Amino acid sequence: MPPMPTLETTDCRDLLPAELLAFLPCATPEAWVDWALANPELLLIDHAQCEKKAASTAMSLLYRYVDQPLLLTKMSQLAREELLHFEQVVKLMEARGIVYRHISASRYAEGLRRHVRGEEPERLVDILIVGALIEARSCERFARLIPHLDDELAKFYRSLVKSEGRHFEDYLMLARRLATAPIDARIAFFSDREAELVTMPDTAFRFHSGVPA
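Residue indices follow the written sequence of each chain, beginning from 1 at its first position. Side-chain atom pairs in this predicted model are given and counted only at pLDDT of 80 or more, local residue features only at pLDDT of at least 70, and totals for whole chains, interfaces and linings cover all residues. Remark: hydrogens and water are excluded; side-chain values derive from all non-hydrogen atoms of the structure.

For the chain, the name recorded in an unreviewed UniProt entry is tRNA-(Ms[2]io[6]A)-hydroxylase, with Halomonas ventosae as its organism.

**Quick word on helix H4 (residues 69-95)**
Here H4 spans 40 Å end to end across 27 residues, near enough to the 39 Å set by a 1.5 Å rise per residue. With a 1.4 Å probe rolled over the protein chains alone, any residue whose accessible area is under 20% of its type maximum counts as buried; one over 50% counts as exposed, and the rest are partly exposed. Note on conventions: DSSP H or I runs of at least 4 residues are helices, E runs of at least 2 residues are strands, and numbering of each starts at the N terminus. Along H4, the positions that sit buried rather than exposed are Leu-71, Met-75, Leu-78, Ala-79, Glu-82, His-85, Phe-86, Val-89, Leu-92 and Met-93. Throughout, a residue-residue contact means that at least one pair of heavy atoms, one from each residue, lies within 4.5 Å. Lining the buried residues of H4 we find helix H3 (40-64), helix H6 (122-145) and helix H7 (151-178). Helix span, expected: 1.5 Å multiplied by one less than the number of residues in the helix.

**Focus on the pattern of salt bridges**
The term salt bridge refers to a pairing of a side-chain nitrogen on Lys or Arg with a carboxyl oxygen on Asp or Glu at a separation within 4 Å. As enumerated under the stated definition, the model contains 16 salt bridges in all. The closest approach of N and O atoms between Asp-202 and Arg-107, which form a salt bridge, is 2.7 Å. Here the residue Asp-202 occupies a position in strand S1 (residues 201-202), and Arg-107 occupies one in the loop between H4 and helix H5 (108-113), the gap between them amounting to 95 residues. Several salt bridges converge on common partners, so that one network encompasses Glu-30, Arg-137, Glu-140, Arg-144 and Glu-194.

**Quick word on H6**
Here H6 is 24 residues long and its end C-alpha atoms lie 35 Å apart, about the 34 Å a rise of 1.5 Å per residue gives. Most of H6 sits out of view: 22 of its 24 residues are buried.

**Points about the side chain of Ser-138**
Note on placement: Ser-138 falls in helix H6. Discounting chain neighbours no more than four positions away, the residues touching Ser-138 are Phe-207 and His-208.

**Some details on the nonpolar core**
Buried together is how nonpolar side chains tend to be arranged in soluble globular proteins. The criterion is simple. A nonpolar core is a set of buried Ala, Val, Leu, Ile, Met, Phe, Trp, Tyr and Cys residues joined through side-chain atoms within 4.5 Å. The biggest cluster of nonpolar side chains holds 68 residues, and the ones touching the most others in it are Leu-61, Met-75, Leu-145 and Tyr-157. For this core, the elements supplying multiple residues, two or more each, are helix H1 (18-23), helix H2 (30-37), H3, H4, H5, H6, H7 and helix H8 (184-199). Take this core: its biggest share by element is 14 residues, from H6. Ignoring sequence-local partners within four residues, the contact set of Tyr-157 consists of Leu-43, Leu-44, His-47, Phe-142, Leu-145, Ile-146 and Leu-149.

**A closer look at the packing of H2 against H6**
Lines fitted to the C-alpha atoms define the axes, with helices restricted to the stretch that makes contact. Angles between their N-to-C directions range from 0 to 180 degrees. The contact between H2 and H6 brings their axes to 10 Å, and the two run at 70°. As judged from the angle between their axes, H2 and H6 are roughly perpendicular. Where H2 crosses over H6, the handedness of that crossing is right-handed. Note on element contacts: H6 touches H2 through Arg-141, Arg-144 and Leu-145, opposite Glu-30, Trp-32, Val-33, Ala-36 and Leu-37. Residues are grouped as follows: Ala, Val, Leu, Ile, Met, Phe, Trp, Tyr, Cys and Pro are nonpolar; Asp, Glu, Lys and Arg are charged; every other residue, Gly included, is polar. Within the contact of H2 with H6, the residues separate by chemical class into five nonpolar, no polar and three charged. Roughly parallel covers angles under 35 degrees, roughly antiparallel covers those over 145, roughly perpendicular covers 65 to 115, and oblique covers all other angles. With the far helix as reference, a near helix turned anticlockwise by less than a right angle produces a left-handed crossing, and one turned clockwise produces a right-handed crossing.

**A few points about the environment of Arg-117**
Within the element layout of this structure, Arg-117 appears in the loop between H5 and H6. Using a relative accessible area of 33% as the deciding quantity, one classes Arg-117 as partly exposed. When the C-alpha atoms of Arg-117 and Ser-159 are compared, they prove to be 34 Å apart, with 42 residues separating the residues in sequence. Leave out the neighbours within four places in its chain, and Arg-117 touches Glu-122, Arg-123, Asp-126 and Arg-186. Here a polar contact means two N or O atoms within 3.5 Å. Within protein one must be a hydrogen donor candidate and the other an acceptor candidate, and residues neighboring in sequence count only if both atoms are side-chain atoms. At 2.9 Å, the side chain of Arg-117 forms a polar contact with the side chain of Asp-126.

**Considerations on unusual backbone geometry**
Cis geometry is found at the peptide bond from Glu-120 to Pro-121, where omega equals 5°. Secondary-structure assignment places Pro-121 in the loop between H5 and H6.

**Section: the packing of aromatic side chains**
Only Phe, Tyr and Trp rings take part, Trp by its six-membered ring, and two of them pair if their centres are within 6.5 Å. Stacked means planes under 30 degrees apart, edge-to-face means over 60, and tilted covers everything else. If you walk through the whole model with that rule in mind, you get nine aromatic pairs. Residues Phe-86 and Tyr-100 carry aromatic rings whose centres are separated by 5.8 Å and whose planes lie at 65° to one another, so their mutual orientation is edge-to-face. Taken together, the residues span a long stretch of sequence, with Phe-86 in helix H4 and Tyr-100 in the loop between H4 and H5 at a distance of 14 residues. Take Phe-86: its relative accessible area is 17%, and that puts it in the buried class. On the basis of an interplanar angle of 45° and a centroid distance of 5.9 Å, the ring pair of Phe-156 and Tyr-157 is categorised as tilted. In terms of burial, Phe-156 and Tyr-157 fall into one category: buried. Aromatic ring contacts, followed pair by pair, group Trp-32, Trp-35, Phe-142, Phe-156, Tyr-157, Phe-205 and Phe-207 into a single cluster. Counting as a charge over the ring demands two things of the Lys NZ or Arg CZ atom: a distance within 6 Å of the ring centre and an angle within 35 degrees of the ring normal. Over the face of the ring belonging to Trp-32 we find Arg-141, whose NZ or CZ atom lies 4.2 Å from the ring centre. A cation over an aromatic ring shows up here: Arg-193 above the ring of Phe-189, its NZ or CZ 4.8 Å from the ring centre.

Spelled out as structure tokens, the structure:
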């Protein structure tokens, strides 16, 4: 297996906070960047779906954990932002003549969530760690794409780097605050799974897919 790409060698370092670079286990492979640029329609369609799913995840946490005031505040803010991003992506697609349609999800999010523990409070901590990884990877992939995009889309993705980076920070902060024990080992476990998912071959391109098979 070839060595994993490192974040120190990518062209997105100046766009990303140091904490996020330290959190992700590896960089998105260059093969995924090339795959994304070859599939601009699928990129935007799946991006829209990811924003909608992120809002749905935040809303589900709002309904399930009503006894956590800080979580309620952060997830309410996140859900609103993700829905705004969804609207913005759909508007971009419409302007470019891209029809929004349902496409199957990548194995990425489910590949992480299948390891979430069933008992509380461990379940919530795992969900929050997974959320932090998803948001951090999204942020990194926006940054990786920016140098290769047209001005309009690059400007939009640059704005998303800031908000997704904030979402990553919120998820990780909540995981640490709501845990009853140190979570570094759990972060390391999920980071290993995440690195496998973004570097393994995939047959269909998605925003969080691995590399082309």
